[in-house]
Amino acid sequence: NSSEGHKIFQDRLRAIHFRKEGKSKAEIAKVLGRSEQFVAKWWQKDEREIPRPWGVHEYMSKELGSKTATSLNIGASLASDASTSTASWWRDVEVRRKYAADPAIYDELLNNTEWKSSAARTRDFSTGASHVKYDKEGKMKLQGNQGARYTQGSSPAFDKLLQQFFSEYGLADRTAGIALNWYPDGDSVLGSHRHDCWTALFSFGHERILTIDKTPLLLQDCDLVIFGTQRHGVPKMPEVAGGRITVPIFFYPTSMQMKKQWQTLTDPEDPRKSTELSKLQSSHQLGADTLQLLWSDPARNAALQQLLQLGFEESASKNALQSAAFDAEHAAELLLMAGAADDLGLQERMGSSSSCQPNRWGKKLAKAAKAQAAFIPTDEELALRLQFEDDPPALGACCELHGADADAVLAAQLEEESMNEDNTFLLAQQFEEYEQQMNRADAERWHGKGDLMESNFARENLSLPTMDKVTVLSIGHGQMTEKSFYELLQLNSVRVLYNFRASDHRGDVHAPCEHFSVRALKSSCRMRGIAYKHVALGRESAYGILKHVKTDEAQHALVELAWHGKRSRSCFLGFEPDWRLDHRQVVADELVSAGHEVKHIDSTGRTEDHDPLGPKRKLPDFIVQEEERLRKLEKQRHAGELQRQEKSAVDRSSEAVASKLMQPSKEIDAMDELRAASNQVELERVQRNLARLQRLGDKHGALAHKVVKAAPQWVLDEARQQAERIAKKKAEKAEKSSEKAVAPDTPEESAADAAGESLVVECATCSVHYPWNELAEGDGVCKECLLQKDLLAGVSQHLVDEKTLEQWQSQWADCDAHLSASSSDHAGTASTSVGDEAGSPGSECFQPSPPKAQPWRRRAKHAEML
């Protein structure tokens, strides 16, 4: 089983089934490998009363063939007698070795089929709908194999095999879907998945392993395996060089087929049959005997032989005779009529009845034959028509045309013919347009769950420019309250909300308020009856909104938005209230360029028409330069050169640290986060995030901001592995940096030095040639030129010093005049004290004594010594 929960759920249903077969409590316990207390708890309950254990997806507790779960376009349809109960999800594996050995099937299917790569998909855990997988940049992921639809006649040998299979298992081909999968070599794989119907899988070509609920099953050429909704896939086998083709036949079980759902046939030579299985085979044999008795009647056999002598096929002749109440002439008329022949082919595909009385299809065909027989011309009418075609009536002499009249008639005839040709061309174009519209209408048949563009048919016929033109709203939340935000949505009658806010490199959306987180928005929109979906457009891994909006992921999301906008008021969400400062303006530009209309909701509830790009409006720099910035950031992150942002002095203060220490750590329930994941892609992201938080919690201990609660063992193991990988990378980086610091010159560097010595370069000042090693110190200038430059600098400094000396002498004279004006009684004392103060460093009148000027000859000698 896929998990322990699936096994428990299946055993509970099996206990109910075996009780209905008449087994005792002890026998059921022995078959299931459970205790009698387990059997006694469940075997008297109804199938709808069985609770869903942990690990079993929600859609598997609903009826088989639900509206949202049938979105895989597998071609199977529910018949009138199909079983859709909860127990219909389960069926044991049946293996038939060498069901029909025919080596021509593989070559016929390989050469007569147009193979294409399909998109990789994952299921929604709640509804069972399909989601397309994209890579980090937004490109659609493809499956590891190639697929196609099976068309009747592409392999005559397989057509015979299908007839045998449908007859033996009592399946009707009108309710079954047939697909083809081609694995060119052992590197071609198919991820583990499950369908919401039963599968009969034929394997042709090289042997490969098929995993069913984690159990490997080796399938060889012409093997048949039948199973229920178990998870299955094809793993990689590099040692396999040959190709393999599988033909899965999808069907919904009938009430009779449900009776053998628990009977596992692993070996055709030792089938472990139950009583119910024997009854089914006996009933099937009785039906075959009745069919043989039907044609054993001499009169019916004689009518059949008459049709066979005329060259008709046996199967078509039998169907025609049953439809015509075994009247040979009437059956021949039905076979000769083209329209009725198509209906007979349809009847043959739909399956014939074993009763001798004409069924409802035969009655319809008889009515159609009588209606067409009324329009069959008599022999005289047919002969007259042929005569007019061979010998058209000639014009009389009075009607003969000559000269200009004949030319005018000929010109009119030519003009009429040209007009007919133009009309034919226009008519063909009109019919082609009608066909495209019908294809678009068929592609738009969607239940609103999962992804609209998950099928090849939808991707071929739907695009943003070809969708019907709609009006879409946009809104930015900013720091609004939850009440104000939903009041604005209610004011504009919004029923669909697409969250296009970008995420970081880990896939997290950082909202300014908790009620605008992805999980909170999803929950609150569901409570208010608003359809919600999150697609992170412009995320870091996709290198910004300008690049991401042109990818498959963004275009598919915009087509879905237009699909919703055609049916209800739809809106997409951004960060900033002003759309001119938000990434959502690029999304609006893409919609407007495709012919749609976008209106922005402001904080008051009013709407504003989107202003397209043009001379008056340009994209802001933070959007234009976003791709370059994110690519540089990614390179720094991969190289380990990304520096942590430094905190401000306020954040590093003791008060801020103490305040953070006083706040308790935020606890994150691991199981609650895992349950919130809606599909496999989100589940993988949640698992990585939990392991990272667990690693940080172990590292920081009591100072950790977030702490994972009730983490399973595999999360702890993944956190430990992450810590080991990070420590290893840090050690390698430190070792490389130390080796680089102490490493001697490499041979390349030595060769470069030798080349530098032999390189002769001209001095930039005196134009004299010197070795480059002598000019490198002066940046291309020789030592003599540098010395002259220093001498000139010394003379300039001497002149500056003399000018400073003159300024000092003038200040000294002014201060002396000020002192001489003081009192005569204290002149000597005052002048002495003032003189002392003037010579002191703190004097306000005098500047400090200038340094003694050095003679320029002594300065030149000093420069020469240097």
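Residues numbered from 1 in each chain as written. Predicted model: local features only at pLDDT ≥ 70, side-chain atom pairs only at ≥ 80, totals over all residues. Heavy atoms only, no water.

Engineer: Quick question: what am I supposed to make of the overall build of the chain here?
Structural biologist: Secondary structure summary: the chain contains 30 helices and 23 strands in total. Out of the 866 residues belonging to the chain, those deemed buried represent 37%. Counted over contacts in the chain with a minimum sequence separation of 6, partners at least 24 positions apart contribute 70%. Element-wise, carbon and sulfur atoms account for 52% of the exposed surface of the chain, whose accessible area totals about 51,000 Å². (Helix = DSSP H or I, 4+ residues; strand = E, 2+ residues; numbered from the N terminus. Buried < 20%, exposed > 50% of the residue type's maximum accessible area, 1.4 Å probe, protein only. Contact = heavy atoms within 4.5 Å. Areas by Shrake-Rupley, 256 points an atom, 1.4 Å probe, with all protein chains shown as cover.)

Engineer: What exactly am I supposed to notice about the sheet that holds strand S18 (residues 597–601) here?
Structural biologist: Two pairing modes exist for strands in a sheet, parallel and antiparallel, and in both the strands are linked by backbone hydrogen bonds. Judged by pairing direction, the sheet is mixed, and its six strands sit side by side in the order S16-S15-S17-S14-S18-S19 without closing on themselves. Because the sheet does not close on itself, it has two edges, and the strands there are strand S16 (531–534) and strand S19 (607–609). Recorded for the sheet is a direction-independent mean angle of 25° between the axes of neighbouring strands. In the sheet, strand S14 (residues 471–476) pairs with S18 via four bridges, with the strands oriented parallel. What sits directly across from Thr471, in S18, is Glu597. Relative to the sheet, helix H16 (residues 518–527) contacts strand S15 (496–499), S16 and strand S17 (570–574), its axis offset from that of S16 by approximately 165°. (Pairing = 2+ DSSP bridges. Axes fitted to C-alpha atoms, helices over the stretch in contact; angles between N-to-C directions.)

Engineer: Where do I start with the environment of Glu634 in this structure?
Structural biologist: As for its placement among the helices and strands, Glu634 is situated in helix H21 (residues 626–639). With relative accessibility at 16%, the residue Glu634 sits in the buried group. Counting along the chain gives 94 residues from Glu634 to Glu540, while the straight-line C-alpha distance between them is 8.6 Å. Once residues within four sequence positions are removed from consideration, Glu634 is found in contact with Lys136 and Tyr543.

Engineer: Would you mind showing me how to read the pattern of salt bridges here?
Structural biologist: Two side chains carrying opposite charge are able to pair once their charged atoms lie near each other. Per the stated rule, a full pass over the model turns up 29 salt bridges. The partner of Asp609 in a salt bridge is Lys599, and the shortest N-O contact between them spans 2.5 Å. With a gap of 10 residues between them, Asp609 in strand S19 and Lys599 in strand S18 connect regions that are remote in the sequence. On the basis of relative accessibility, which here comes to 48%, the residue Asp609 falls in the partly exposed class. Here Lys599 falls in the partly exposed class, since its relative accessible area comes to 22%. Two residues, Glu718 and Arg725, come together in a salt bridge whose shortest N-O distance is 3.6 Å. Glu718 sits in the partly exposed class, given a relative accessible area of 27%. Within this structure, Glu444, Asp468, Lys566 and Arg567 form a network of salt bridges that share partners. (Salt bridge = Lys/Arg side-chain N within 4 Å of Asp/Glu carboxyl O.)

Engineer: Explanation requested: the packing of aromatic side chains in the structure shown.
Structural biologist: Working definition: an aromatic ring pair is given by the centre-to-centre distance plus the angle between the planes. This model, assessed by the stated rule, comprises 16 aromatic pairs. Judged by centre distance (6.2 Å) and plane angle (80°), the rings of Trp198 and Phe251 are edge-to-face. With Trp198 in strand S8 (residues 198–205) and Phe251 in strand S13 (residues 244–251), the pair connects residues that are 53 residues apart, well separated along the chain. Between Phe485 and Tyr486 the ring centres are 5.2 Å apart and the planes differ by 80°, which places this aromatic pair in the edge-to-face class. Neither Phe485 nor Tyr486 differs from the other in exposure class; each is buried. In this structure an aromatic cluster arises from ring pairing among Tyr99, Tyr150, Phe158, Phe165, Phe166, Tyr169, Phe202 and Phe204. Above the plane of the ring of Phe38 lies Arg34, whose end atom (NZ or CZ) is 4.9 Å from the centre. (Phe/Tyr/Trp six-rings, centres within 6.5 Å; stacked < 30°, edge-to-face > 60°. Lys NZ or Arg CZ within 6 Å of the ring centre and 35° of its normal.)

Engineer: When you look at the sheet that holds strand S10 (residues 215–219) in this model, what are you seeing that I'm missing?
Structural biologist: Strands sit in the order S7-S12-S9-S10 across an open sheet of four strands; the sheet is antiparallel. Every interior strand has two partners, whereas the edge strands, strand S7 (190–193) and S10, have only one. Here the average twist between neighbouring strands, direction ignored, is 25°.

Engineer: I would appreciate a short explanation of the side chain of His610 in the present structure.
Structural biologist: For His610, the location among the structural elements is in the loop between S19 and helix H20 (621–624). One polar contact links His610 to Asp589, side chain to side chain, over a distance of 2.5 Å. In this structure, His610 is in contact with Trp579, Gln585, Ala588, Asp589, Val592, Val598, His600 and Arg617, ignoring residues within four places of it in sequence. (Polar contact = N/O pair within 3.5 Å; in protein donor to acceptor, adjacent residues only side chain to side chain.)

Engineer: Would you mind showing me how to read the packing of helix H15 (residues 482–491) against H16 here?
Structural biologist: In helix packing, the relevant descriptors are the interaxial angle and the interaxial distance, both defined with respect to the helix axes. As a packed pair, H15 and H16 sit with axes 13 Å apart at the nearest point and diverge in direction by 50°. Classed by the angle they form, the pair H15 and H16 counts as oblique. H15 and H16 meet at a crossing whose hand is right-handed. Packed against H15, whose contacting residues are Glu482, Phe485 and Tyr486, the element H16 presents Leu521, Ser524 and Cys525 at the interface. Taken together, the residues of the contact of H15 with H16 sort by class into four nonpolar, one polar and one charged. (Parallel < 35°, antiparallel > 145°, perpendicular 65-115°, else oblique. Left-handed = near helix turned anticlockwise from the far one by under 90°. Nonpolar A, V, L, I, M, F, W, Y, C, P; charged D, E, K, R; others polar.)

Engineer: Could you clarify how one ought to interpret the nonpolar core in this entry?
Structural biologist: Soluble globular proteins: nonpolar side chains tend toward being buried together. Counting 33 residues, the largest nonpolar core has Leu462, Phe500, Phe572, Val587 and Leu591 as the members making the most contacts within it. Elements that contribute at least two residues to this core include exactly S15, helix H18 (552–567) and helix H19 (584–593). Take this core: its biggest share by element is seven residues, from H18. Beyond its immediate chain neighbours, meaning those up to four positions away, Phe500 contacts Val535, Leu537, Ala557, Leu558, Leu561, Phe572, Leu573 and Val587. Membership of the second largest hydrophobic core comes to 31 residues, among which are Tyr106, Phe158, Ile178 and Val247. (Core = buried A, V, L, I, M, F, W, Y, C linked by side-chain atoms within 4.5 Å.)

Engineer: Looking at this structure, how should I read the pairing of strand S11 (residues 223–227)?
Structural biologist: Looking down a regular strand, the side chains alternate between one sheet face and the other. Burial runs high along S11: five of the five residues are buried. Neither face of S11 is left uncovered, since the one carrying Asp223, Val225 and Phe227 and the one carrying Leu224 and Ile226 both have all their residues buried. Sheet analysis places strand S1 (residues 94–96) next to S11, joined by three bridges and oriented antiparallel. Residue pairing across strands places Glu94 opposite Ile226, the latter belonging to S11. Bridging between S8 and S11 involves five bridges; their strand directions are antiparallel. In the strand pairing of S11, Ser203 is matched with Asp223.

Engineer: Even after reading the chapter, I still don't get the environment of Lys730, so can you show me in this structure?
Structural biologist: Tracing the backbone shows Lys730 in helix H25 (residues 713–742). Sequence separation of Lys730 and Gly640 is 90 residues, and the distance between their C-alpha atoms is 8.7 Å.

Engineer: Which parts of the structure should I look at to understand unusual backbone geometry?
Structural biologist: Trans peptide bonds make up most of the peptide bonds, and negative phi angles are found at most residues other than glycine. Look at Lys214: it is not a glycine, yet its phi comes out positive at around 70°. Topologically, Lys214 is positioned in the loop between strand S9 (208–212) and S10. In the Ramachandran plot, Ser493 falls in the positive-phi region, its phi being about 55° despite a non-glycine side chain.

Engineer: Is there a simple way to explain the environment of Glu641 in this structure?
Structural biologist: On the secondary structure map, Glu641 appears in the loop between H21 and helix H22 (654–662). Not counting chain neighbours up to four residues away, the residues in contact with Glu641 comprise Gln636 and Lys733.

Engineer: Quick question: what am I supposed to make of a nonpolar patch on the surface here?
Structural biologist: On the surface, Leu427, Phe431 and Tyr434 cluster together into a nonpolar patch covering about 320 Å² of accessible area. Relative to the assigned elements, Phe431 resides in helix H13 (residues 404–443). The class for Phe431 is exposed, based on a relative accessible area of 53%. (Patch = residues over 30% accessible without salt bridge, like charges linked within 9 Å, V, L, I, M, F, W, Y side chains within 5 Å.)

Engineer: What's the story with helix H24 (residues 680–700) in this structure? I'm lost.
Structural biologist: Residues spaced three or four apart along an α-helix face the same direction, because each turn holds 3.6 residues. In this model, H24 (21 residues) spans 30 Å end to end at C-alpha, consistent with the 30 Å of a helix rising 1.5 Å per residue. At the N-terminal boundary of H24, the capping side chain belongs to Asn679, with an oxygen 3.1 Å from the backbone nitrogen of Val681. Where H24 terminates, the next one or two residues include Gly701, which has phi positive at roughly 65°. (Expected span 1.5 Å × (residues − 1).)

Engineer: Help me understand the confidence of the model for the chain in this model?
Structural biologist: Caution is warranted with low-pLDDT regions, since their predicted coordinates should not be read in detail. In the predicted model, the chain carries a mean pLDDT of 76, and 69% of its residues have values of at least 70. In the model, residues 264–290 has pLDDT below 50 throughout and makes 25 contacts with residues more than four positions away in sequence or in other chains. Within the model, the stretch residues 338–376 combines pLDDT values under 50 with 46 contacts to residues more than four positions away or in other chains. (pLDDT = per-residue confidence, 0-100.)

Engineer: How should I be thinking about the pairing of S15 in this particular structure?
Structural biologist: In S15, alternate side chains face the same way, and those of Val496 and Tyr498 on one face and Leu497 and Asn499 on the other are all buried. Sheet topology note: the S15/S16 ladder contains four bridges and is parallel. Note that in S16 the partner of Tyr498 across the bridge is Lys533. This β-α-β element, S15 to H16 to S16, shows right-handed connectivity. (Right-handed = clockwise from strand over helix to strand, strands pointing away.)

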